[in-house]
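Notes for the structure review
For reference, the chains in residue letters:
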Amino acid sequence: MSLHKTHSIPSIRWLKLARDLMAEKGRILLMLTAITVSIIAIGAVLGSYAVLTREIAANYLGTNPASATLELEGDVDARIVKLARQHPQVREAEARDVILARAKVGEDWRSLLLFVIDDFAAMRISTFAPIQGAWPPATGEMLIERTATSMLEATVGGHVLVKTAHGTAREVTIAGLVHDPGLAPASQERTGYGYISRATLSTLGERPLLHELRITVRDPQASIQGVESVASNLARSLTDQGIAVHEIRVPPPRQHPHQRQLVTILFMMLAFSVMALVLSGILVSGSLAAMLVRQVREIGIMKTIGARTRQIFGMYALMVASIGIMAVVLAIPLGWLGTQILTKAIAGLLNFNLTDAAVPTWVFAVQAFAGGVVPLLVAAIPIARASRMSVRQALDHYGVSPDSLRWRTAKLPRPARNALRRPTRLALTVALLAAGGAMFMTALNVSAGWDRNIAKVYETRHYDVEVRFHEAQGSPVAERIRALPGVKSVEAWGYSPAAFAKPGQINVVRTYPDRGHASFSVMGPPADTRLIGFPVLAGRWLQPTDTEGVVLNHAAAAQVPQIRIGDRIDLSLDGKPASRRLVGIVEEIGSSAVAYVTDQAFARIVGTQVGAQGSARLLRIATHANSPQGRIDVIRTIEQRLSDDGVSVETAVPLAELRTAMADHIVILTRALLTMAVVMATVGTLGLASTMGVSVVERTREFAVMKTVGATPRRIIVLLIAEALFIGALSWIIALILAVPLTGLVDTLVGRLGFVAPLPFIMSPVAALGWLALLGGVSLVSTILPANRAARMSVARALVAL
Amino acid sequence: MIELEHVSKVYPGSNGNFKALDGITLRFPAGEFVAIVGKSGSGKSTLINLIAGIDRPSDGVIRVVGTPVGTLDESNLATWRGRHIGVVFQFFQLLPTLTIAENVMLPMDFCATLEPRAARLRAMALLEKVGIADQANKLPSSLSGGQQQRAAIARALANDPPLIVADEPTGNLDSHTAEAVLALLVGLSKAGKTVVMVTHERDLTQYADRIVTLADGKIASQTTAGQHTVSEVSHA
Ligand SMILES: Nc1ncnc2c1ncn2[C@@H]1O[C@H](COP(=O)(O)OP(=O)(O)OP(=O)(O)O)[C@@H](O)[C@H]1O
Ligand SMILES: [Mg+2]
């Protein structure tokens, strides 16, 4: 009787573990799916974040974007550039200009931003790279940005008719394509991008002057205030030398125009993914606890034949760890794939070339940690409890027992009583479903809020097209347009780029060099305008007698957050100072910052008169047309009329274009929200499925007993379904309640980014009912499948099943 | 081999504590075949659970194979039990996802007594001994009750323990099968193992060296093979 004591590889208990895993395939699959889905999401979001931060450096910063742009009255010649370069805090300086021109595409005119380059061969700031065709473009030719081909419906070798403010329309040859990562894609901004030389500018009828002095500062980490102070300092020293500086533009340093949106979206997706992981953790812990209930008897047997607590704990910990490892093995490649898809989409949004899509190792490490450690962490407690159980407890254990609750629930309907028999599990399942449901609804609610906001673009604006002129026009222009067929009404408005002025200083604005992002303007509509009707957030709208009053839209108000109704605001309209009293703030969705004064007041500020002499820089026109093609036809008639009258049009933007531009900016967000809704729905419903599976299996013995007293399988299944529906309904109500603050939070977060104001709060009935339907469906399926099996089981087998 | 001194077991209940065993003092020498009998609820299972270290006494000292069982913690008790006691249950209690042979190998795994290859050989030898070697690679669910109980006995023997305890090992078997299983246990006893068995069936007690009769948690009588009654009531 001398058995050799050896400490070799344990084998049988791992075999048992593997077999149990196989025996619980369904439940293991549920846990595995939930963890995998959330780790995929985490990997994709973190991977995208890592890749894109790197790509921003490679693409946007690679263009050496201007830290600041000084707008000069006159030409930025070589002497001025040299002066700027000599400034101790300036690294580089370069002359540039950006001209808002128009290009004829088919029968219509579209906006065309023309970047005038001093010397294509010696660009140092805001550079771009040739990708096809000529470099530099010859006189009379232009290069276009690669994303502009669709807006201009032309490419290398083609011709476009280009018209500037002072010139006549001229054919320009497209000599080549460039990639300019400093610009958002042309189609998003609904404008073409062209690059020309001074000489070409001259042939287009403009004086060959470059008004922009673009600089970069020496300090690579300079803050926006730091850049402002360098730029102001340079502007002062130029002014001292008799060089007039009109305005300083300082965009957020080292930030792509769309970067903040991007980071917020990724952050939000990360928050959702982490929540999904937490929910998966709850699911794992719940399912595992249920599995362990069935293993308790076996634990008792194993302990009887010599298993130590540590050995038992090790077995089940390894079981969970192996689920986690499987999840990680699946999630790492799929997360990588998600990263590739997401970065590609976002790179498109930012007009980036993905120079290197490699995902850094730390992302995989985080995924491995999330998959390897989180499930273990949440499973540790149920595993420890089960493995610490004494042999006697384990052998005596019968699935369902806590009787303490029963008397209190005696009056409840049967399904509720059944569900309440395991209060902890019920709480976990309901919490899981409620959290999942709340986030599912939130994702869809926010998406609906966004759509609602975009709908407001139409609801608050009653015109079909906005025409801006290069020069102020008199009232006869408006009269002639009004007389055209198809035109319903016309309003002539004042319009001017503007800045919040600091007395005695050169105006500093936060606009990007593309002039669109973060711009500010003053508009002068008739006080009784019928073509807009923005909701008033504070104070009131303009009145005809408001010679001193100004109304800000919310985007403008956000730039002067400390301001109150009644306060004075110092504005600068193209250099002309104006001090006005704030009478109201309105919500204007889909617009950059605007300050409104009456047309009369506007005329007074810019020194003209309303009427014949003219102060109208833009017309807003409503048509009788009720189809897109009808509107286009009327717009063509208007363009023809203006052209015949020799009126130089800067832009003519149909309202539909504004909407397209806005929708294009956020498809990525909507898709991200929907993806997150799908992730939450997956994890949530898996949780319900898992709980119901457990309930059914646990009650196998009970079914048998019920069958022996004459209950039919159908009746048992009906009872179980009722229980699932009860859990679903309970969680649905909680989810609905939770979704209210959560939607509000995300609405605020997303709205601030996209519209400078919270999104309208919408509880989408589709989301709420959709979730309810999903719960109902999953309840049915996840109950009927296992219940059928259980109900068909013979009484004898069922009685020993537990 | 087994010594119990003034052992009591009290179960806490909803209407006061219940004394399932009351001041039991017993002493079995090694190699005996002991049958514990008594009416349902008399405390037989409680007693055998205490001997096997599955449960702990409320009072008194239990010494099994020289070890004071009460002084070990749960884990050390488990290892000790795995090495020194083979437990046979009424409901066989084989692990459903392991084959018969694997079930027999499991105690050797937990107690690290044999490495897998040797454990397999030993398992096969034990199954041979209990007469179901041909069932070695089947799952428990496909065996008859008698076959399962034989497998359970083989498992109990895995680590070659000096003591086998069995709680109604034949309670779930027909009389013919029960007899065969009983013969197996008798054989073990003949081969030098101490066997303590709880049983209901009086006629099975003819094989026993000693019969302990319990009534209401006390020893009602104790007879040895020579049919002379050792004691009528428990010691005060
Ligand atoms: N865990 C427990 N909690 C409370 N009372 C218990 C517990 N286990 C057993 N008892 C009680 O202790 C007494 C002895 O039980 P035990 O199981 O030892 O009886 P038994 O002689 O084995 O009966 P049977 O022949 O029916 O198996 C019984 O009255 C029983 O109700
Ligand atoms: Mg008993």
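Each chain carries its own residue numbering, running from 1 in the written order of its sequence. Chain A is the first chain written and ligand 1 is the first ligand written, with later ones labelled in order. Thresholds applied to this predicted model are a pLDDT of at least 70 for local features of residues and 80 or more for the giving and counting of side-chain atom pairs; totals over whole chains, interfaces and linings are not thresholded and use all residues. Hydrogens and water molecules were not included; the side-chain quantities draw on all heavy atoms of the structure.

Description of the overall build of chain A
In terms of helices and strands, chain A carries 23 helices and 21 strands. In terms of principal-axis extent, the alpha carbons of chain A reach across some 110 × 60 × 50 Å. Only protein chains enter the accessibility calculation, which uses a 1.4 Å probe; a residue is then buried when its area is under 20% of its type maximum, exposed when over 50%, and partly exposed in between. Out of the 802 residues belonging to chain A, those deemed buried represent 55%. Here the Shrake-Rupley method, with its probe set to 1.4 Å, supplies the accessible areas, and only the displayed protein chains count as covering residues. Within the structure as shown, chain A displays about 32,500 Å² of accessible surface, and the carbon and sulfur contribution to it stands at 60%. Positive charge is attributed to Lys and Arg, negative charge to Asp and Glu, and no charge count is given to His or to the chain ends. A single reference atom marks each charge: NZ on Lys, CZ on Arg, CG on Asp, CD on Glu. A distance of 18 Å separates the average location of the 79 positive side-chain charges in chain A from that of its 58 negative side-chain charges. In DSSP terms, a helix is any run of H or I states spanning at least four residues, a strand is any run of E spanning at least two, and both are numbered starting from the N terminus.

A closer look at the overall build of chain B
Within chain B, the regular secondary structure consists of six helices and 11 strands. For a compact globule the rule gives 2.2 Å times the number of residues to the power 0.38, and the radius of gyration it is set against comes from C-alpha atoms. In summary, chain B has a C-alpha radius of gyration of 18 Å against a globular reference of 18 Å for 236 residues, a match within 12%. Each of the three principal axes of chain B carries a C-alpha extent, and together these read 50 × 40 × 35 Å. Considering chain B as a whole, with its 236 residues, one finds that 58% of them fall into the buried category. Residue contacts are counted whenever heavy atoms from the two residues lie within 4.5 Å of one another. Within chain B, counting contacts between residues at least 6 apart in sequence, those at least 24 apart form 67% of the total.

Digging into the site of ligand 1
All names here are of chain B. Surrounding ligand 1, one finds 15 residues, the nearest of these being S40, G41, K44, S45 and T46. N or O atoms closer than or at 3.5 Å make up a polar contact, with two conditions inside protein: a donor-capable atom paired with an acceptor-capable one, and, for residues adjacent in sequence, both atoms drawn from side chains. Residue E168 places a side-chain N or O atom 3.4 Å away from an oxygen atom belonging to ligand 1. Compared with its free state, where it exposes 630 Å², ligand 1 has 65% of that area covered by protein. With three residues, helix α1 (residues 44–51) is the single largest residue contributor to the shell around ligand 1. A cutoff of 4 Å decides nearness: a residue is near a molecule or strand if any of its heavy atoms lies inside that distance of it.

Considering the side chain of A:N59
Residue and element names in this part refer to chain A. Considering the arrangement of structural elements, one finds N59 in the loop between α2 (25–58) and β1 (68–72). Within polar-contact distance, the side chain of N59 engages the backbone oxygen of N353 at 2.8 Å. Other than its neighbours up to four places away in sequence, N59 contacts H179, P181, F352, N353 and T355.

A closer look at the pairing of strand β7 (residues 163–167) of chain B
The side chains of a regular strand alternate, first on one face of the sheet and then on the other. All names here are of chain B. Of all five residues in β7, five are buried; the element is thus mostly enclosed. A pair of strands counts as paired when DSSP detects no fewer than two bridges linking them. The pairing of β7 with strand β8 (residues 194–198) spans five bridges and is classified as parallel. Counterpart to D167 in the pairing with β8 is V198. With the strands aimed away from the viewer, a crossover counts as right-handed if its path from the first strand over the helix to the second runs clockwise. Tracing the backbone out of β7, into helix α6 (residues 175–190) and back to the parallel element β8 gives a crossover that is right-handed.

Some remarks on the sheet that holds strand β4 (residues 59–64) of chain B
Residue and element names in this part refer to chain B. Taken together, four strands build an open sheet; the order of strands is β2-β1-β4-β5 and the sheet is antiparallel. Of all the strands in the sheet, the pair left with one neighbour each is β2 (16–28) and β5 (67–68). The pairing of β4 with β5 spans two bridges and is antiparallel. By the bridge assignment for β5, V64 is matched with T67.

Overview of the pairing of strand β1 (residues 2–13) of chain B
Residues and elements named next belong to chain B. Pairing geometry for β1 and β4, over five bridges, is antiparallel. Note on β4: the bridge partner recorded for I2 is V64. Bridge count between β1 and β2: nine bridges; the pairing is antiparallel. By the bridge assignment, I2 is partnered in β2 with F28. Where β1 hands over to β2, the hairpin turn is made up of two residues, counted between the paired strands.

Considering the packing of aromatic side chains
All names here are of chain A. Pairs were defined over the aromatic rings of Phe, Tyr and Trp, the Trp ring being its six-membered one, requiring ring centres within 6.5 Å. Orientation was assigned from the angle between planes: stacked under 30 degrees, edge-to-face over 60, tilted for the rest. In the structure shown here, the tally under the stated rule is 11 aromatic pairs over all chains. Judged by centre distance (6.3 Å) and plane angle (80 degrees), the rings of F120 and F128 are edge-to-face. In this structure F120 comes out as buried when scored by relative accessible area, which is 6%. Judged by relative accessible area, which is 6%, F128 ranks as buried. Taken together, a centroid distance of 5.7 Å and an interplanar angle of 70 degrees make the contact between F128 and W135 edge-to-face. Using a relative accessible area of 31% as the deciding quantity, one classes W135 as partly exposed. One aromatic cluster is present, formed by F115, F120, F128, W135, Y193 and Y195 through successive ring pairs. Ring-over charges, as used throughout, are those where CZ of Arg or NZ of Lys falls within 6 Å of the ring centre and within 35 degrees of the ring normal. For R13, the ring lying beneath its charged end belongs to W14, and the centroid distance is 5.4 Å.

Here we look at the packing of helix α8 (residues 259–304) of chain A against helix α9 (residues 309–350) of chain A
Residues and elements named next belong to chain A. Axis lines are fitted to C-alpha atoms, over the contacting stretch for helices. Their N-to-C directions set the angle, which ranges from 0 to 180 degrees. Contact pair α8 / α9: the axes reach a minimum separation of 11 Å and the direction vectors enclose 160 degrees. Looking at the two axes, α8 sits roughly antiparallel to α9. With respect to the hand of their crossing, α8 and α9 are arranged in right-handed fashion. Here L262, L266, M269, L288, M291, L292, Q295, I299, M302 and K303 of α8 lie close against α9, whose contacting residues are T309, I312, M315, Y316, M319, V320, L342, I346 and L350. Lys, Arg, Asp and Glu make up the charged group, whereas Ala, Val, Leu, Ile, Met, Phe, Trp, Tyr, Cys and Pro make up the nonpolar group; the residues left over, Gly among them, are polar. Looking at the contact of α8 with α9, its residues break down into 16 nonpolar, two polar and one charged. Any angle that is under 35 degrees is reported as roughly parallel, and any over 145 degrees as roughly antiparallel; angles of 65 to 115 degrees are reported as roughly perpendicular and all others as oblique. Two helices that cross are described as forming a left-handed crossing if the nearer one is turned anticlockwise from the farther one by less than a right angle, and a right-handed crossing if clockwise.

What about the interface of chain A and chain B?
Opposite the 35 residues of chain A that make contact, chain B presents 36 residues. Put simply, A:R13 and B:D109 hold a salt bridge, and the shortest N to O gap is 3.3 Å. Put simply, chain A and chain B have 11 residue pairs in polar contact (both at pLDDT 80 or more) between them. The set of elements that each furnish at least two residues to the side of chain A that touches chain B consists of α1 (12–23), α8, α9 and α11 (391–396) of chain A. A per-element tally of the side of chain A that touches chain B places α1(A) first, with seven residues. Residue composition of the side of chain A that touches chain B, grouped by class: 14 nonpolar, 10 polar and 11 charged. Here a salt bridge means any side-chain nitrogen of Lys or Arg lying within 4 Å of a carboxyl oxygen belonging to Asp or Glu.

A look at the pattern of salt bridges
All names here are of chain A. Applying the stated criterion to the full structure yields 39 salt bridges over all chains. E650 is the salt-bridge partner of R617, the closest N and O atoms lying 3.9 Å from each other. Here R617, found in strand β20 (residues 616–623), pairs with E650, found in strand β21 (residues 649–654); they are 33 residues apart in sequence, far enough to count as distant. A single burial state applies to R617 and to E650, both of which are buried. The closest approach of N and O atoms between D633 and R636, which form a salt bridge, is 4.0 Å. Here the residue D633 and the residue R636 both occupy positions in helix α18 (residues 628–644), the gap between them amounting to three residues, near one helical turn. By relative accessible area, R636 is classed as partly exposed at 24%.

Considerations on a nonpolar patch on the surface
Residues and elements named next belong to chain A. By definition, no residue in a patch forms a salt bridge, and every one has over 30% relative accessible area; like charges are joined within 9 Å, nonpolar side chains (Val, Leu, Ile, Met, Phe, Trp, Tyr) within 5 Å. A cluster of nonpolar side chains, contributed by L330, L334, W336, L337 and I341, occupies part of the molecular surface with about 470 Å² of accessible area. One can find L337 in helix α9. A residue is classified by how much of its surface remains accessible, and L337, at 43% relative accessible area, is partly exposed.

Overview of helix α4 (residues 116–130) of chain B
Residue and element names in this part refer to chain B. Multiplying 1.5 Å by the residue count of a helix minus one yields the expected span of that helix. If you check α4, its first and last C-alpha atoms are 21 Å apart, about what 15 residues at 1.5 Å a residue would give, namely 21 Å. Every buried residue of α4 is accounted for by A119, A123, L126, L127 and V130. The arc that holds the buried residues of α4, viewed along the axis, is 100 degrees, so those residues lie on one side. Across α4 from its buried face, at more than 90 degrees, point the exposed residues R117, L121, E128 and K129. Immediately beyond the C-terminal end of α4, within one or two residues, lies G131, with a positive phi of roughly 85 degrees. What the arc measures is the spread of directions leading from the helix axis to the C-beta atoms.

Remarks on the packing of α1(A) against α9(A)
Any two packed helices are characterised by the angle at which their axes cross and by the distance between the axes. Residue and element names in this part refer to chain A. Relative to each other, α1 and α9 sit at 45 degrees, their axes nearing to 10 Å. Compared by their axis directions, α1 and α9 come out oblique. Considering only the axes of α1 and α9, their crossing is right-handed. Between α1, through R13, W14, K16, L17, D20 and L21, and α9, the contact on the second element is made entirely by Q311, G314, M315, Y316, L318, M319, S322 and I323. Here the contact of α1 with α9 is built from residues that sort into eight nonpolar, three polar and three charged.

With respect to the nonpolar core
Put simply, a nonpolar core is a bunch of buried Ala, Val, Leu, Ile, Met, Phe, Trp, Tyr and Cys residues held in one set by side-chain atoms that sit within 4.5 Å of each other. Judged by nonpolar contacts, the single largest core of 207 residues is most densely connected at A:M302, A:Y596, B:I51, B:L127 and B:V196. Dropping the residues within four chain positions of it, B:L127 is found in contact with B:I100, B:A101, B:V104, B:I132, B:A133, B:A136, B:A151 and B:A154. Judged by nonpolar contacts, the second largest core, of 62 residues, contains A:I80, A:V81, A:V217 and A:V230.

Looking at the domain arrangement of chain A
Residue and element names in this part refer to chain A. Start and end points for every domain follow an automatic or database-based domain assignment. Domain boundaries in chain A define domain 1 (1–60 + 257–397), domain 2 (66–249), domain 3 (414–457 + 661–802) and domain 4 (465–624). In this assembly, eight residues from domain 3 lie in contact with seven residues from domain 4. When two components associate, each loses some accessible surface as probed by a 1.4 Å sphere; the sum of these losses over both components is called the buried area. Together domain 3 and domain 4 conceal approximately 580 Å² of surface at their shared face, both sides included; 65% is due to carbon and sulfur atoms. Of all residues in domain 3, K456, F755 and V756 bury the most surface against domain 4, accounting for 55% of the area lost on that side. Where domain 3 touches domain 4, the interface holds one salt bridge. For K456, the salt bridge identified is with E587, shortest N-O distance 3.0 Å. Counting residues per element, the ones that place at least two in the side of domain 3 that touches domain 4 are α14 (423–459) and α19 (655–698). Element by element, the count of residues in the side of domain 3 that touches domain 4 is highest for α14, at three residues. Of the residues assigned to the side of domain 3 that touches domain 4, the class counts are five nonpolar, two polar and one charged.

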